[in-house]
Amino acid sequence: MDLFDLLIIGAGPAGLTAAQYGARAGLRVVVLENLTPGGQMLNIAVLENYPGNIYGKSGWDFSSDMQKQALGFGAVFIHKKAEVLKINNDGPVRLFSVALDDGSVIEAKAVILCMGASPRHLNVPGEEAFLGAGVSYCAACDGPFFKGKKIIVVGGGDAACDEAVQLLKISPNITMVHRREVLRAQKAVAERMLTNKSIRLMLNTQVCEIAGDEKVRSVLLKNTITGAQTRESADAVFIFAGFIPRNELVKSAGLSENPVLDSIGFIRTNQRMETSVKGLFCAGDLRSTPFRQVITAAGEGAVAAHAAAEYVEAL
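Residues numbered from 1 in each chain as written. Predicted model: local features only at pLDDT ≥ 70, side-chain atom pairs only at ≥ 80, totals over all residues. Heavy atoms only, no water.

(A) Expanded view of the state of the cysteines. According to the stated counting rule, one finds zero disulfides in the structure shown. Residue Cys161 stays outside any disulfide, its sulfur separated by 17 Å from that of Cys138, the closest cysteine. For the unlinked cysteine Cys282, the closest cysteine sulfur is that of Cys114, found at 6.6 Å. (Disulfide = S-S within 2.5 Å.)

Here's what the structure looks like:
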């Protein structure tokens, strides 16, 4: 059993920043990530709105650099899935235990939860059946497969607008579908999409079905005001309908009854990123916050690591 000062679960921008700041503060830091470090950043073709990144580095390259910085300060990375989180109060120091999927256990004096969130599904017929055969939640990953094809983008937030513009580099045939009357994206992001006359925008419209044979061939659309339905031919459907918090560890630890989670399932914290459980912190997309961006996640990760270092020092 390994004992660390700080355990960080998740290596998105929040986790990677927390790892760097925690290790730089002299803590023995371990980061658990069951996939490639970077989180949602890996889906960003060009990270253009991070201060100082004036040459538009990709999310993949930016993530790689962040991990190298954390490693340089001494953080340890373990690529395994965390299964169960437990709080131990039976020793001289209150510890957190995490069981991994290989049966091993890691203990730490403080934990920062940075598991992020998963893409929200539409839950319509055909969505699961055509996943990987025309249905995708990542334009950077799957866009190149549909060069010159007819693409439907679903959503009205920052991600949907950004991805619709990016997909124009692959195909001139982009239709954006949003179920509300106005887009939810930030003004600058929405205006960039709206001023692009190459993108066809369908507001007050929702997807009712995704159909095809061995791959996507069409979508059934419904006007949310009139109820009228139309079928549009399509080769791909890229869905950007928001995210669901990855809070399974919190629930498995029996903390969901505690005011750790908000009504949607995101984790509540104070300005120091502290949850209502001593020694348990949260940063990034998993945190209950009105704004989710790479820069805010990184800032929260730095604050969480600083607060965790103070907590560990005081033990």
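Let's pick the thread back up.
(B) The arrangement of the packing of aromatic side chains in detail. Applying the stated criterion to the full structure yields three aromatic pairs. Between Tyr50 and Phe62, the aromatic rings sit 4.8 Å apart at their centres with planes inclined by 55°, giving tilted as the arrangement. Here the residue Tyr50 occupies a position in the loop between strand 2 (29-32) and helix 2 (59-72), and Phe62 occupies one in helix 2, the gap between them amounting to 12 residues. The class for Phe62 is buried, based on a relative accessible area of 13%. Here the aromatic rings of Phe146 and Phe238 are separated by 6.1 Å at their centres, their planes lie at 90°, and the arrangement is edge-to-face. Here Phe146, found in the loop between helix 3 (139-142) and strand 9 (151-154), pairs with Phe238, found in strand 15 (residues 236-239); they are 92 residues apart in sequence, far enough to count as distant. Comparing Phe146 with Phe238, the two get one shared label, buried. Lying across the ring of Phe4, Arg28 places its NZ or CZ 4.1 Å from the centre. (Phe/Tyr/Trp six-rings, centres within 6.5 Å; stacked < 30°, edge-to-face > 60°. Helix = DSSP H or I, 4+ residues; strand = E, 2+ residues; numbered from the N terminus. Buried < 20%, exposed > 50% of the residue type's maximum accessible area, 1.4 Å probe, protein only. Lys NZ or Arg CZ within 6 Å of the ring centre and 35° of its normal.)

(C) Here's a closer look at the pattern of salt bridges. In the structure shown here, the tally under the stated rule is 12 salt bridges. Two residues, Arg217 and Glu214, come together in a salt bridge whose shortest N-O distance is 3.0 Å. Arg217 sits in the partly exposed class, given a relative accessible area of 37%. Overall, the relative accessible area of 56% leaves Glu214 in the exposed class. Salt bridges sharing partners connect three or more residues here, namely Lys150, Arg200 and Glu232. (Salt bridge = Lys/Arg side-chain N within 4 Å of Asp/Glu carboxyl O.)

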